[in-house]
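So you can see what is in the structure, the chains are spelled out below.
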Amino acid sequence: MLASELWRISLVAAAALAAVPKASAQHVILDAPSLTGEKKAPSAPPPRAQPAVWPRLDPGAILCQTADDLDRHAANMTARVSGGETLAANCRIIALPTGIQILSRQGLGRTQVKLSSADNATGWTDAWLPDKAPAGR
């Protein structure tokens, strides 16, 4: 009787152990903020690239008020290199990419443009402005 009773007890114990869920590392929950640190909110996704405006003047392009100012600016560039005297020209350097509308072309280095900014200024530039946007822009 002792053997059959021992057999029954071990069978009941084995069934009880099988019914109890096993403790594993997957079920461990740490609820200690000082140990785990504060949870960070997910960051916003990166902004999508905006299609480039074309035609445009890129930073560093020259915009002169008149065609004569553009000619004086070109003469000043030559004079600075050769050490000559410069003349006053009403020109400015474009700081940010600026959308434009091409009004007229006089050869490759003289283009009259209208800025797509709040003041809608018109002027002349020597920037290379092809009809279609260059590839990769």
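These numbers were taken from a predicted model, which means no experiment stands behind them.

Moving on to the side chain of Arg56. Tracing the backbone through its elements, the reader meets Arg56 in strand β1 (residues 56-57). There is a polar contact of 3.1 Å between the side chain of Arg56 and the backbone oxygen of Val53.

This structure, assessed with the given rule, holds zero aromatic pairs. Cation over ring: Arg110 sits above Trp124, and NZ or CZ is 5.7 Å from the ring centre.

Within the structure shown, the criterion is met by four salt bridges. Residue Arg110 pairs with Asp71 through a salt bridge whose shortest N-O separation is 2.7 Å. Here the residue Arg110 occupies a position in the loop between β4 (98-105) and β5 (111-115), and Asp71 occupies one in helix α3 (residues 67-82), the gap between them amounting to 39 residues.

On to the environment of His73. Relative to the elements of secondary structure, His73 occurs in helix α3. Between the C-alpha atom of His73 and that of Ala89, which follows or precedes it by 16 residues, the distance is 5.9 Å. If near-sequence neighbours (up to four positions away) are discounted, His73 is found in contact with Ile62, Cys64, Ala89 and Cys91.

Side chains of nonpolar character tend, in soluble globular proteins, to be buried together. If you look at the biggest cluster of nonpolar residues, it comprises nine residues: Leu57, Ala61, Leu63, Ile94, Ile100, Val113, Leu115, Ala127 and Leu129. Beyond its immediate sequence surroundings of up to four residues, Leu129 is in contact with Arg56, Leu57, Ile100, Ile102, Arg105, Thr111 and Val113. Core analysis: the second largest hydrophobic core is formed by five residues, Ile62, Cys64, Ala67 and Leu70 among them.

Okay, α3 next. For α3, built from 16 residues, the straight-helix expectation of 22 Å at 1.5 Å per residue is met to within 8% by its first-to-last C-alpha distance of 23 Å. Within α3 the residues assigned to the buried category are Ala67, Asp69, Leu70, His73, Asn76 and Ala79. Buried residues along α3 sit against β2 (62-64), β3 (91-93) and β6 (122-125). Among the residues trailing α3, Gly83 stands out with phi positive, at a value near 85°.

Residue Pro55 is bonded to the preceding Trp54 through a cis peptide linkage, with omega at -5°. In this fold, Pro55 is placed in the loop between α2 (33-36) and β1. In the Ramachandran plot, Asn120 falls in the positive-phi region, its phi being about 50° despite a non-glycine side chain. Among the structural elements, Asn120 can be located in the loop between β5 and β6.

Moving on, we come to the pairing of β5. Consecutive side chains of a regular strand alternate in pointing toward one face of the sheet and then the other. Residue alternation in β5 divides its side chains into a buried set, Thr111, Val113 and Leu115, and an unburied set, Gln112 and Lys114. Relative to β5, β4 is paired through five bridges, and the arrangement is antiparallel. Bridging from a neighbouring strand, Ile102 pairs with Val113 of β5. When β5 meets β6, the two strands line up antiparallel, connected through four bridges. Note on β6: the bridge partner recorded for Thr111 is Thr125. Hairpin connection between β5 and β6: a loop of six residues separates the two successive antiparallel strands, and Asn120 in this loop has a positive phi of roughly 50°.

Conventions adopted
- Residues numbered from 1 in each chain as written.
- Predicted model: local features only at pLDDT ≥ 70, side-chain atom pairs only at ≥ 80, totals over all residues.
- Heavy atoms only, no water.
- Helix = DSSP H or I, 4+ residues; strand = E, 2+ residues; numbered from the N terminus.
- Polar contact = N/O pair within 3.5 Å; in protein donor to acceptor, adjacent residues only side chain to side chain.
- Phe/Tyr/Trp six-rings, centres within 6.5 Å; stacked < 30°, edge-to-face > 60°.
- Lys NZ or Arg CZ within 6 Å of the ring centre and 35° of its normal.
- Salt bridge = Lys/Arg side-chain N within 4 Å of Asp/Glu carboxyl O.
- Contact = heavy atoms within 4.5 Å.
- Core = buried A, V, L, I, M, F, W, Y, C linked by side-chain atoms within 4.5 Å.
- Buried < 20%, exposed > 50% of the residue type's maximum accessible area, 1.4 Å probe, protein only.
- Expected span 1.5 Å × (residues − 1).
- Pairing = 2+ DSSP bridges.

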